[in-house]
2 protein chains.
Amino acid sequence: MADNTADADRLVQALCLALDTKRVAVDLHLLRRLPAQLRNGSFRARCVMGRERGFWRLLDILDPNLSLTAAGLAVDLGTSRVALRLLDLNSNTVLGESAFNNPQIESGPDVLSRIHAAALPGGLKALNQAMVSALNRAISALCDQCDLPPKNIYLAAVAGNTTMTHLFMGLEPRWIIREPYIPAVNKPGSLRATDLGLSLNAAARVFIFPNIGSYFGGDLIAGILYSGLHRRQELSLLVDVGTNAEVVLGNRHWLIACAGAAGPALEGGVTRMGMMAAPGVIDRVSMDPDSAAFDVHTIGGLPPTGICGSGLIDLAAVLFLSGMIDIRGKFIPGACKNLLKEKKGLQHLVVVAAEQSAVDRDLEISQADLDSLIRSKAAMYTILETLSTTVGVSLSDIKTLYVAGTFGVLIDPDSAVAIGMMPDLPRSRFRTLGNSSLGGAARALKNPGALEEIDAIRDRITYLELNVNQEFMNRFSAAKFLPHTDRSRFPSVAIP
Amino acid sequence: MADNTADADRLVQALCLALDTKRVAVDLHLLRRLPAQLRNGSFRARCVMGRERGFWRLLDILDPNLSLTAAGLAVDLGTSRVALRLLDLNSNTVLGESAFNNPQIESGPDVLSRIHAAALPGGLKALNQAMVSALNRAISALCDQCDLPPKNIYLAAVAGNTTMTHLFMGLEPRWIIREPYIPAVNKPGSLRATDLGLSLNAAARVFIFPNIGSYFGGDLIAGILYSGLHRRQELSLLVDVGTNAEVVLGNRHWLIACAGAAGPALEGGVTRMGMMAAPGVIDRVSMDPDSAAFDVHTIGGLPPTGICGSGLIDLAAVLFLSGMIDIRGKFIPGACKNLLKEKKGLQHLVVVAAEQSAVDRDLEISQADLDSLIRSKAAMYTILETLSTTVGVSLSDIKTLYVAGTFGVLIDPDSAVAIGMMPDLPRSRFRTLGNSSLGGAARALKNPGALEEIDAIRDRITYLELNVNQEFMNRFSAAKFLPHTDRSRFPSVAIP
């Protein structure tokens, strides 16, 4: 009765003390509920708090006796696939996960075609709506599955490449692909879910990972956060072989990055293959040492329907190590024997005969597929070499090589090294991260200091623009051999 | 072509430089328009900026060649009357003004009855809606009058007492009038116009003046800002005689304030009279020295319909100085002669005879009216005395006495001193401010540093809770005489 501190001040004082902070923001709609809520709980309350840069925001005020699951939603906004993870913010446990194909695929398979589609009348709005609606449906389904109303989601963290986050926010992506490649925004920060059209709690905030210009997206920054390489003393390399080839090299003191879109050879190539991974698709290939027959593994163990990127890398390694292709990746007819067929003037190698396949025809790869893979692996290696040369370190100094992306999980390091796509490091230094973009987004939800950590990562990265100059082309030409023109770089590869 | 800075970063950098600030916030809906707008203007743009605490917010981005009036709206949210002033933010000129009766009057004439009405089912929402709708109508009409679309209003500043701002924001006012008198919020700060339901520009922000607890409202803080007394070296007193009697004493170093609601004698009294001011109402009364007849002045010069507070103060002074009432404010029948009539056991004095009035009946004041006025003036003086005694200064040390409020403009200092309502200072020290709440709101729009200045005023004020203890009651009893028991305090009053 002696204390006539205003309700909001009383609450903010208590929260500042509890959270050891100087500022707590209270939005109008919560102010409207505050007086009754405080008194209903005899001036005790449970508060849901969200961390912003330098302050905390009250997201909800609840009955002190109510047991509520305050959930967070991590989203990896992939060009092809969108992945969601629902977290209990209190216990930091995963409540559930789901994924769906990016509905914008209807407008085009890649970033370039989406940006063109966005330029059509009403195009940007349609692409934005398609994503927001699909997300809302997926959120609703995931919440049903977890027996949690979507209004219990108070925070979301969204990581995607620059174009995906622009389309998600309804921002003009037109200038991302036009010289000098300008995004609308680099640090979108924390937005209201309602402004974005997401059906979460009315107070929910959505953190969108920052990007560095057009080519280095928030998904990669999320990947760095997830890997923790920016906190290590020793040198690490992060390679994301997803829709693009993106690479980060560094340690706790410095980070240098570049993206493969600058190397034209990578367009299509690995990308297209990676997208093919699905049940029944061959993801691993080895050779039976006795019969010299291919031993194929399919996703889900189903009869094979095709071959995806990791399978192709394995296959190329097997073909090379068994002497069926030469150092240029060309079929050696004498070694391939009856597996080789010519169709429309192009040589094809039968990997699985029609009778073993699920599609009633031979599963084969063509010389063109191999040529494409070799250009891709050469571009990847050239990027790694250029990056390490730029900062004056040797690739062999790398203590941990993180392979990010869902596709990355499938890659066999032995095969990747055998064809010279990855440096010949002790295999124990290879580490796969899975969907590191989703993992990073989840980490941003869990860790109250994450926003500052993400800012620090972003600000510390030096982005290397790859100039496709003579030096790059010389490196690229040298890398177009298996495993490399300079064989001494790949001592572990038993070259036939 | 060499610079691939993101559009938002480029704009923010330029704005930080131009505004000498470290932070500029850009909301999502403006990000959505930014890329096209920048390019349409060849990377030149006109920006409408709003000042927040410690940073600036982009409110609009326009064609550099477009001549747009960016307007600001000042609002005085009075319990009885709401006043609006539209300003050109660029030239700081007034575009127009209007006022309307607070539609919440339907639910009750004063703060108390409104709070009770808000407690009924749906009551708060109805009161809130009534105000927001009326404001939107008034804004629309004022904009029409000024030939300006409401979407050109980017900023609003709203000053009102604690209850009025709570109702305007839709906040529970219930606890404002219940011990220990707790408002929901003291510093509402800057809110989105859309969240408040105001039809201004989609990006518009509404600053709501802070209050100090339940009794010292944002209208008074706006009044201090407007008077500038918080910047002066010399001692000033600000008296607001509106729906309440509120007082601030101080200088650039300290401010002490109290509000008359703590003195029960002021309820009704001056308040009720002040509300009566309207065309035809007597606002000034003097006495013809020759005929000893009353000389009345009405608002608008119309035939008289009644008498308002300032007229009553004048009348009381005239009656006292001419010996028609005694030092207790009681009619002296011998001096009043045939002007005095008894009705229902109560003495009435005819001020205007029926034939001169607009209402076909005598305009008169009763002994009860005078008694009520004397209680009010005694309470006012007691508050001033208590306040100055508390800080150890004499009322005669006051270098400027600001009389705030539209009612205050009408008060004749000579009369106010004659009845002992105001201290007997040289008349040159009296200064009327008019609607200082509206003036302060307008100043908040004009001055980029106003938010910090307002915070500083609020934080510097010591609020004095008036305890109606024996000392207060002794002072009050002494002040219930004309002009005061201690005549030496009013040397300029020629007591009969």
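Residues numbered from 1 in each chain as written. Chains lettered and ligands numbered in written order. Predicted model: local features only at pLDDT ≥ 70, side-chain atom pairs only at ≥ 80, totals over all residues. Heavy atoms only, no water.

Observations regarding the interface of chain B and chain A
Working step 1: Contact residues are listed per partner, giving 34 residues for chain B and 33 residues for chain A.
Working step 2: Between chain B and chain A, roughly 3,100 Å² of surface is buried when both sides are summed, and carbon and sulfur atoms account for 58% of that area.
Working step 3: Ranking the residues of chain B by area buried against chain A places B:Asn4, B:Leu28 and B:Arg32 at the top, with a combined share of 18%.
Working step 4: At the boundary of chain B with chain A, the tally comes to two salt bridges.
Working step 5: Here A:Arg192 ties to B:Asp195 by a salt bridge, and the two come within 2.6 Å at their closest N and O atoms.
Working step 6: Run the count over chain B and chain A and you get twelve residue pairs in polar contact (both at pLDDT 80 or more).
Working step 7: Secondary structure elements with two or more residues in the side of chain B that touches chain A: helix 1 (7-19), helix 2 (28-40), strand 8 (189-192) and helix 6 (193-196) of chain B.
Working step 8: Here the element with the most residues in the side of chain B that touches chain A is helix 2 of chain B; it accounts for six residues.
Working step 9: When the residues that make up the side of chain B that touches chain A are grouped by side-chain class, the tally is 18 nonpolar, four polar and twelve charged. (Contact = heavy atoms within 4.5 Å. Buried area = accessible area lost by both parts, 1.4 Å probe. Salt bridge = Lys/Arg side-chain N within 4 Å of Asp/Glu carboxyl O. Polar contact = N/O pair within 3.5 Å; in protein donor to acceptor, adjacent residues only side chain to side chain. Helix = DSSP H or I, 4+ residues; strand = E, 2+ residues; numbered from the N terminus. Nonpolar A, V, L, I, M, F, W, Y, C, P; charged D, E, K, R; others polar.)

Description of the pairing of strand 5 (residues 81-88) of chain B
All names here are of chain B.
Working step 1: Taking burial as the measure, the eight residues of strand 5 include seven buried ones, the bulk of the element.
Working step 2: Bridge count for strand 4 (residues 71-77) against strand 5 is seven bridges, and the pairing is antiparallel. Looking at the pairing, Leu-73 lines up with Leu-86 of strand 5.
Working step 3: Taking the residues that link successive antiparallel strands as the turn, the strand 4-strand 5 hairpin has three residues. (Buried < 20%, exposed > 50% of the residue type's maximum accessible area, 1.4 Å probe, protein only. Pairing = 2+ DSSP bridges.)

Section: the sheet that holds strand 17 (residues 346-352) of chain A
Residues and elements named next belong to chain A.
Working step 1: Pairing in this open sheet of three strands is antiparallel, and the strands run 16-17-18 from one edge to the other. The strands lining the two open edges of the sheet, one partner per strand, are strand 16 (340-343) and strand 18 (363-366). In this sheet, adjacent strand axes meet at a mean angle of 40° when their direction is disregarded.
Working step 2: Taken strand by strand, helix 11 (residues 367-391) contacts strand 17 and strand 18, and its axis lies near 60° from that of strand 18. (Axes fitted to C-alpha atoms, helices over the stretch in contact; angles between N-to-C directions.)

Thoughts on the relation of the copies chain B and chain A
Working step 1: When chain B is fitted onto chain A, the two copies agree to an RMSD of 0.1 Å after a turn of 180° and an axial shift of 0.0 Å. The superposition operator between the copies reduces to a two-fold rotation axis.
Working step 2: The residues that chain B uses at the interface reappear at the interface of chain A in 97% of cases, marking a shared surface. (Least-squares fit on C-alpha atoms with pLDDT ≥ 70 in both.)

What to know about the sheet that holds strand 18 (residues 363-366) of chain B
Residues and elements named next belong to chain B.
Working step 1: With respect to topology, three strands assemble into an open sheet ordered 16-17-18, the strand pairing being antiparallel. The open sheet is flanked by strand 16 (340-343) and strand 18, the only strands paired with a single partner. For this sheet, the mean angle separating the axes of adjacent strands, direction not counted, is 40°.
Working step 2: In this structure, strand 17 (residues 346-352) lies alongside strand 18, joined through four bridges in antiparallel fashion. For Val-352, the partnering residue across the bridge sits in strand 18 and is Leu-363.
Working step 3: Relative to the sheet, helix 11 (residues 367-391) contacts strand 17 and strand 18, its axis offset from that of strand 18 by approximately 60°.

Topic: the environment of A:Ile457
Working step 1: Along the chain, A:Ile457 falls in helix 15 (residues 450-460).
Working step 2: Setting aside residues no more than four positions away along its own chain, A:Ile457 makes contact with A:Ile221, A:Ile224, A:Leu225, A:His230 and A:Leu255.

A look at the environment of B:Pro183
Working step 1: Note that B:Pro183 resides in the loop between helix 5 (162-169) and strand 8.
Working step 2: As for B:Pro183 and B:Asn211, which are separated by 28 residues in sequence, their C-alpha atoms are 8.9 Å apart.
Working step 3: In contact with B:Pro183, other than residues within four places in its own chain, are A:Asn4, A:Ala6, A:Asp7, B:Thr162, B:His166, B:Ile176, B:Asn211, B:Gly213 and B:Ser214.

Things to note about the side chain of A:Asp326
Working step 1: Tracing the sequence through the fold places A:Asp326 in the loop between helix 9 (309-321) and helix 10 (333-336).
Working step 2: Setting aside residues no more than four positions away along its own chain, A:Asp326 makes contact with A:Phe320, A:Ile332 and A:Leu482.

A short note on helix 2 (residues 28-40) of chain A
At 3.6 residues per turn, the α-helix brings residues three or four places apart onto the same side.
Working step 1: Helix length check: helix 2 of chain A, at 13 residues, gives a terminal C-alpha distance of 19 Å against a target of 18 Å (1.5 Å per residue), a fit within 8%.
Working step 2: Within helix 2 of chain A, the axis deviates most sharply at A:Leu34, by approximately 45°, and proline A:Pro35 lies no more than four positions further along.
Working step 3: Of the positions making up helix 2 of chain A, those classed as buried are A:Leu28, A:Leu30, A:Leu31, A:Leu34, A:Pro35, A:Gln37, A:Leu38 and A:Arg39.
Working step 4: Residues of helix 2 of chain A that are buried sit in contact with helix 1 (7-19), strand 1 (24-26) and strand 3 (55-62) of chain A together with helix 5, strand 8 and helix 6 of chain B.
Working step 5: One or two positions beyond helix 2 of chain A, positive phi appears at A:Ser42, with a value near 50°. (Expected span 1.5 Å × (residues − 1). Bend = angle between axes of the 7 residues up to and from the residue.)

Section: unusual backbone geometry
Working step 1: The residue after A:Leu482, namely A:Pro483, is reached through a cis peptide bond having omega -15°.
Working step 2: Within the secondary structure layout, A:Pro483 lies in the segment after helix 16 (470-479).
Working step 3: Even without a glycine there, the phi angle at B:Asp360 is positive, about 60°.
Working step 4: Tracing the backbone through its elements, the reader meets B:Asp360 in the loop between strand 17 and strand 18.
Working step 5: Judged by its relative accessible area of 71%, B:Asp360 is exposed.

Section: the packing of aromatic side chains
Working step 1: For the coordinates displayed, the defined rule picks out eight aromatic pairs over all chains.
Working step 2: Between A:Phe207 and A:Phe209, the aromatic rings sit 5.2 Å apart at their centres with planes inclined by 65°, giving edge-to-face as the arrangement. Like A:Phe209, A:Phe207 is buried.
Working step 3: A ring pair is formed by B:Tyr381 and B:Phe490, whose centres lie 5.7 Å apart and whose planes are at 50°; its orientation type is tilted. Of this pair, B:Tyr381 sits in helix 11 while B:Phe490 sits in the segment after helix 16 (470-479); the two residues are 109 residues apart in sequence, bridging distant segments of the chain. The pair B:Tyr381 / B:Phe490 is uniform in exposure class, with both members buried.
Working step 4: For A:Arg174, the ring lying beneath its charged end belongs to A:Trp175, and the centroid distance is 5.2 Å. (Phe/Tyr/Trp six-rings, centres within 6.5 Å; stacked < 30°, edge-to-face > 60°. Lys NZ or Arg CZ within 6 Å of the ring centre and 35° of its normal.)

What to know about the pattern of salt bridges
Working step 1: Applying the stated criterion across every chain, the model contains 48 salt bridges over all chains.
Working step 2: Between B:Glu471 and B:Arg475 there is a salt bridge; the shortest N-O distance is 2.8 Å. Residue B:Glu471 and its partner B:Arg475 are located together in helix 16, separated by four residues, close to a single helical turn.
Working step 3: The partner of B:Asp486 in a salt bridge is B:Arg489, and the shortest N-O contact between them spans 3.1 Å.
Working step 4: Overall, the relative accessible area of 30% leaves B:Arg489 in the partly exposed class.
Working step 5: Connected through salt bridges with shared partners, the residues A:Glu385, A:Glu471, A:Arg475, A:Asp486 and A:Arg489 form a single ionic network.

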